[in-house]
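Here is how the chains run, residue by residue.
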Amino acid sequence: MTKHWQTPQPETAQRAARPRSIVFLGTAHDNGGSSILASSLAAAMRAEGHHVEEWYLFSAAPQDLPPGARVFIRHGRSRSPLMLLALFVRVVRALRKLKPDAVFGLQSLSNLLVGIGGLLAGVHNRIATLHIPADRFDPTLMHIDRIAGGLGVYSHIIACGQSVADTFAKNGPAYARRMMVIANGHTKPVLIERNKARAKFGLPQDRLVLGQFGRLYYQKNQLFSLDVLKSLPGASLMLVGTGPDEDAVKAAMADGAIAGRAHWQRAIPHSRIGEFYSAVDMVLFPSLFEGLSLAAIEAIHSGVPLLCSDIPSFREMFQHSPFLTETLLLPLGNREAWLERINAIATNSELRARIVDELRLLSPSYAFATMAARYLAVLA
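All values reported here derive from a predicted model rather than from experimental measurement. (Residues numbered from 1 in each chain as written. Predicted model: local features only at pLDDT ≥ 70, side-chain atom pairs only at ≥ 80, totals over all residues. Heavy atoms only, no water.)

Moving on, we get to the overall build of the protein. Along its length, the protein carries 17 helices and 14 strands. For the protein, the C-alpha radius of gyration of 21 Å lies close to 21 Å, the compact-globule estimate for 380 residues. Projected onto its principal axes, the C-alpha coordinates of the protein cover approximately 60 × 45 × 40 Å. Of note, the protein has its 40 positive side-chain charges centred 9 Å away from the centre of its 30 negative side-chain charges. (Helix = DSSP H or I, 4+ residues; strand = E, 2+ residues; numbered from the N terminus. Rg over C-alpha atoms; globule rule 2.2 N^0.38 Å. Lys, Arg positive; Asp, Glu negative; His and termini not counted. Charge placed at Lys NZ, Arg CZ, Asp CG, Glu CD.)

Attention shifts here to the pattern of salt bridges. Should the charged atoms of two oppositely charged side chains come close, the side chains can pair. One pass over the structure, following the stated rule, counts 13 salt bridges. In this structure, glutamate 290 and lysine 220 form a salt bridge, with 2.7 Å as the shortest nitrogen-oxygen distance. Of this pair, glutamate 290 sits in the loop between strand 12 (282-285) and helix 12 (294-302) while lysine 220 is found in the loop between strand 9 (208-213) and helix 9 (222-229), placing the two residues 70 residues apart along the sequence. With respect to burial, glutamate 290 and lysine 220 carry one shared label: buried. Each of Asp227, Lys230, Asp255, Arg335 and Glu336 takes part in a single network of salt bridges with overlapping partners. (Salt bridge = Lys/Arg side-chain N within 4 Å of Asp/Glu carboxyl O. Buried < 20%, exposed > 50% of the residue type's maximum accessible area, 1.4 Å probe, protein only.)

Summed over the entire model, instances satisfying the criterion amount to eleven aromatic pairs. Taken together, Phe24, Phe104 and Tyr375 form an aromatic cluster joined through their ring pairs. A cation over a ring is seen here: arginine 215 above tyrosine 217, with NZ or CZ 4.9 Å from the ring centre. Residue placement shows arginine 354 over the ring face of phenylalanine 323; its charged tip is 3.9 Å from the ring centre. (Phe/Tyr/Trp six-rings, centres within 6.5 Å; stacked < 30°, edge-to-face > 60°. Lys NZ or Arg CZ within 6 Å of the ring centre and 35° of its normal.)

The six strands are arranged 11-10-9-12-13-14 in an open sheet whose pairing can be described as parallel. Of all strands in the sheet, those bounded by a partner on one side alone are strand 11 (262-265) and strand 14 (329-330). Direction of pairing for strand 9 relative to strand 12: parallel, over a ladder of two bridges. Note that in strand 12 the partner of leucine 210 across the bridge is methionine 282. (Pairing = 2+ DSSP bridges.)

All right, on to the environment of leucine 25 then. Checked against the element boundaries, leucine 25 lands in strand 2 (residues 21-28). Through-space distance from the C-alpha of leucine 25 to that of alanine 38 is 8.8 Å; in sequence the pair is 13 residues apart. With near-sequence residues (within four places) excluded, leucine 25 lies in contact with Trp55, Leu57, Phe72, Val91, Val103, Phe104, Gly105, Leu106, Ser110, Leu113 and Val114. (Contact = heavy atoms within 4.5 Å.)

Most often, soluble globular proteins have nonpolar side chains that are buried together. Counting 106 residues, the largest nonpolar core has Phe24, Leu306, Met317 and Phe318 as the members making the most contacts within it. Not counting chain neighbours up to four residues away, the residues in contact with phenylalanine 24 comprise Ala38, Leu41, Ala42, Met45, Val52, Glu53, Glu54, Trp55, Phe104 and Leu106. Judged by nonpolar contacts, the second largest core, of 19 residues, contains Ile73, Val92, Ala94 and Val114. (Core = buried A, V, L, I, M, F, W, Y, C linked by side-chain atoms within 4.5 Å.)

A few words now on empty space enclosed by the protein. Taken as a whole, this structure holds one cavity of 30 Å³ or more when the rule is applied. Along its surface, the largest cavity is lined by Gln212, Phe213, Lys220, Leu284, Phe285, Ser287 and Glu290. Elements with a minimum of two residues in the lining of the largest cavity: strand 9 and strand 12. Here the residues of the lining of the largest cavity are counted per class, giving three nonpolar, two polar and two charged. (1 Å grid on protein atoms, 1.4 Å probe; cavity = no way out; pocket = protein on both sides within 12 Å on 5 of 7 lines; lining within 4 Å. Points joined across faces, edges and corners; volume = space filled by probe spheres on them. Nonpolar A, V, L, I, M, F, W, Y, C, P; charged D, E, K, R; others polar.)

In this section: the pairing of strand 3 (residues 51-58). In terms of burial, strand 3 is a largely internal element, six of the eight residues being buried. Pairing analysis gives seven bridges linking strand 2 to strand 3, with the strands arranged parallel. Considered in strand 3, the bridge of leucine 25 is made with tryptophan 55. Sheet topology places strand 3 next to strand 4 (residues 70-73); three bridges connect them, and they run parallel. Opposite phenylalanine 58, over in strand 4, you have isoleucine 73 as the bridge partner.

Don't take any of this as a statement about function, it's just geometry.
Structure (structure tokens):
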């Protein structure tokens, strides 16, 4: 059975506070949730006096990398066996040179390099992190991961939510013994006045504005949001993100029914992300699957109503609020249900006020400081 987090005892917390050398290793920094999470955790750990480095196997967009990040190969991801072997050798050499106390993997490929490469390099804490359900990873990598986890290649395995951990239950008792759940947390965005935020993005001041934040990727289902917009003639939609579906999203935005009402922003610096949540009336998450979405947690902290597909991760996120579970979770792909709920929240001030109140009560459950302390305590 997956271990749930327990607050560390003072002696344990004190040992965890000793300055450590820590590496976060990601497959690629793509502005996805795991990359953003790693950068935020790295900053928090540095603030506690630890030496923390961020390493990425690939990066085709240097401008998206956090300051000081190390990249092993400066182009897009590759599945070439020779390149992967070369990467493995380089990572092991880098770990042997640095001799970190701990190395965290961020995605499936980097998890394996952390476990196997870290073991060969003599790293004591080799920590895999799981951010999406098991059936959404590459099957070959998951087969290797199951074997590696069962053999103890990882010292710890962290799932970002119970719904994610449950999907790895088939990996067996040896894998499960090393797994724990540390729910994602995030910092609270800094909000500004609505009219100023909309002016910054060129959004209309007197119109319902919906928002969606995330990679332009089939998982996030932006094409569904754009289709919903066609039946909301008085509304606008602001999309933020980049990714492999960028061309398809741009083509859909040019549709005559929504042209001029669909807006796109490539990226927003994390220090200014509150401007996005200040500008929108609602945030849409029609995702096909998720781990425990950082963007959704940001919306909760901001007090902005968020409509989410009824999938295990979002159901877990709202588990402490029956009202939010009933009100904000909608059938995946049910266009009419989404339209009805958007219109209800936009026109019913009492409903909106109750949603905002419930989000305020839920917000402390996803405090970033709590999550960061739990990650550090693992090293004890």
